[in-house]
Amino acid sequence: MSFRSFDELRQAILGLPAGNDEAARAAAARQNTLTKPQGSLGRLEEVAIWLARWQGRAKPQLDRMKIVVFAGSHGVTAQGVSAFPAEVTAQMVANFAAGGAAINQLAKVAGAELEVIPLQVEQPTGDFTQEAAMSEAEFLSAVATGYDAVSSDLDLVSLGEMGIGNTTTAAALATALFGGGADKWVGRGTGVDDAGLKRKATAIEAGLTRHRDILNDPLRVAAALGGRELAAMLGAALAARKHGVPLLLDGFVTSAAVAPLFKLNADALAHAVAGHVSAEAGHRGLLEALKLQPLLNLGMRLGEGSGAAVAINVLHAAVACHNGMASFAEAGVSDNSA
Ligand SMILES: Cc1cc2ncn([C@H]3O[C@H](COP(=O)(O)O)[C@@H](O)[C@H]3O)c2cc1C
Ligand SMILES: O=C(O)c1cccnc1
């Protein structure tokens, strides 16, 4: 896929296919015949119906799942916003390839393929306190890379990221898109102290001042204040929607990455479920702004797609019950209709 301009991408975001109502209705009807009190499997029932809607089949499956981890480097690390040095991003890409990261283990447990896509990690984006992080062309190229990572034959795509400094980038996007000031959205990321937290908020306020002319345009915001891996996640989320692939979000950074889609089209994340709420300070508020309810709350704050990967196990549980349970009639169990 290639997008030639912000306008062309914006048009693509405005014209999105709906889910399959018939499959969702059939799945919901099936849930009500299974040998359990109606609704007793709680959100497991909801996610089975959600998978049915976006896969377009009454009995969803999780045979072909991909976790895509995008990696990018951030110029704003020059402002002292992370507890770790910027070179960790490339080092972790090597660790992913060697199988040594948390997400390698969690992808295996979830039964999902893991793909890591580095986006010019040797070349940081511009420092948004000084200049735009990316030009229009750079941004659109990263969006296209993410778009192309999602194929229509997948049963689920799950997003993750690696990029030292990107909780600052994500908080900058959240501040620009949803307001409330930087303090509302900054968190400790990899573990910055109070002075580091202050540097994060100061950098974001400087970025918002510098780029004040474009703050009403969500795609220009994503280019000026975002990062390549965030842009790629936006593209992947859009492709998932276009291809009818259910989308699982991870933490604060993945949520911020797809927030511009929501700002442009409030229905654009209807195919998405939040895998978890991370311990990063702004995540709960961001999920509320995006009208998403997390599946899990495990105090995780890693990124890499790790929380979403754990949530895939919940989806397996939901699908196993939905597809495998007997109906009252099949099992000869008395229902409550008498
Ligand atoms: C060894 C290591 C592995 C990671 N895996 C994900 N992150 C997470 O931490 C970074 C964001 O936090 P901040 O904005 O504070 O830099 C991202 O790379 C994110 O994915 C990691 C961070 C480190 C240090
Ligand atoms: O919630 C996240 O996405 C997150 C939190 C801390 C570090 N990296 C990512």
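All values derive from a computational prediction rather than experimental measurement.

Caption draft 1: Main features of the overall build of the protein. Scanning the protein for helices and strands turns up 14 helices and five strands. In terms of overall dimensions, the protein is globule-like: its C-alpha atoms have a radius of gyration of 20 Å, near the 20 Å expected for 338 residues. By the burial criterion, 52% of the 338 residues in the protein qualify as buried. Within the protein, residue pairs in contact and separated by at least 24 positions form 79% of the contacts whose partners lie at least 6 positions apart.

Caption draft 2: Looking closely at the UniProt feature "active site" (unreviewed entry) in the protein. In this numbering, the UniProt entry assigns the feature "active site" (unreviewed entry) to E304. Counting through the fold element by element, E304 comes out in the loop between α12 (283-289) and α13 (306-324). Judged by the 27 C-beta atoms lying within 10 Å of it, E304 falls in the buried class. Residues contacting E304, with those up to four places away along its chain left out, are V69, A101, A102, I103, G160 and M162.

Caption draft 3: Summary view of helix α10 (residues 228-243). Helix length check: α10 (16 residues) gives 22 Å between terminal C-alpha atoms against 22 Å at 1.5 Å per residue, within 8%. Most of α10 is tucked away, with 14 of its 16 residues classed as buried.

Caption draft 4: Structural detail: the nonpolar core. Counting 109 residues, the largest nonpolar core has L173, L234 and A236 as the members making the most contacts within it. Per-element accounting of this core gives the leading share, ten residues, to α10. Excluding residues that lie within four positions of it along the chain, L234 makes contacts with V143, G146, A222, A257, V258, P260 and L261.

Caption draft 5: Geometry of the site of ligand 1. In the vicinity of ligand 1, 18 residues are found, and the nearest of them are S82, T167, G189, T190 and G303. Mapped onto the shell around ligand 1, the elements with two or more residues apiece are α4 (88-98), β3 (156-162) and α7 (166-178). When the residues that make up the shell around ligand 1 are grouped by side-chain class, the tally is seven nonpolar, nine polar and two charged.

Caption draft 6: Local environment of the environment of C321. Along the polypeptide, C321 turns up in helix α13. We classify C321 as partly exposed; it has 16 C-beta atoms within 10 Å.

Caption draft 7: Just the sheet that holds strand β1 (residues 65-71), in detail. Within the open sheet, the five strands sit side by side as β2-β1-β3-β4-β5. Their pairing is parallel. In this open sheet, the two strands that pair with only one neighbour each are β2 (113-118) and β5 (272-274). For this sheet, the mean inter-axis angle between neighbouring strands, taken without regard to orientation, is 25 degrees. Judged from the six bridges that link them, β1 and β2 form a sheet pairing that is parallel.

Caption draft 8: Looking closely at the environment of A133. Mapped onto the elements of the fold, A133 is located in the loop between β2 and α6 (136-148). Judged by local crowding, A133 falls into the buried class, with 29 C-beta atoms found within 10 Å. Taking the C-alpha atoms as reference, A133 lies 14 Å from G163; in sequence the two are 30 residues apart.

Caption draft 9: Structural view of unusual backbone geometry. Its identity as a non-glycine residue notwithstanding, K291 has a phi of 60 degrees, on the positive side. Summarising the element assignment, K291 is placed in the loop between α12 and α13. C-beta crowding within 10 Å serves as the criterion here: with 10 such atoms nearby, K291 is assigned to the exposed category. Unlike most non-glycine residues, E304 shows phi in positive territory, near 65 degrees.

Caption draft 10: Geometry of the confidence of the model for the protein. For the protein, the average pLDDT comes to 98, and 100% of its residues sit at 70 or higher. For this predicted complex, the interface score ipTM comes out at 0.99, alongside a pTM of 0.99.

Caption draft 11: Seen up close, the environment of A48. Among the secondary structure elements, A48 is positioned in helix α3 (residues 43-55). In sequence terms A48 and N323 are 275 residues apart; their C-alpha atoms lie 9.1 Å from each other. When near neighbours in sequence (up to four residues on either side) are disregarded, A48 contacts A27, Q31, P60, A318, V319 and H322.

The rules behind these values
- Residues numbered from 1 in each chain as written.
- Chains lettered and ligands numbered in written order.
- Predicted model: local features only at pLDDT ≥ 70, side-chain atom pairs only at ≥ 80, totals over all residues.
- Helix = DSSP H or I, 4+ residues; strand = E, 2+ residues; numbered from the N terminus.
- Rg over C-alpha atoms; globule rule 2.2 N^0.38 Å.
- Buried ≥ 20, exposed ≤ 12 C-beta atoms within 10 Å, placed from the backbone.
- Contact = placed C-beta atoms within 7 Å.
- UniProt positions renumbered as here; feature names shortened; annotations may be inferred.
- Expected span 1.5 Å × (residues − 1).
- Core = buried A, V, L, I, M, F, W, Y, C linked by C-beta atoms within 7 Å.
- Near = placed C-beta within 6 Å.
- Nonpolar A, V, L, I, M, F, W, Y, C, P; charged D, E, K, R; others polar.
- Pairing = 2+ DSSP bridges.
- Axes fitted to C-alpha atoms, helices over the stretch in contact; angles between N-to-C directions.
- pLDDT = per-residue confidence, 0-100.

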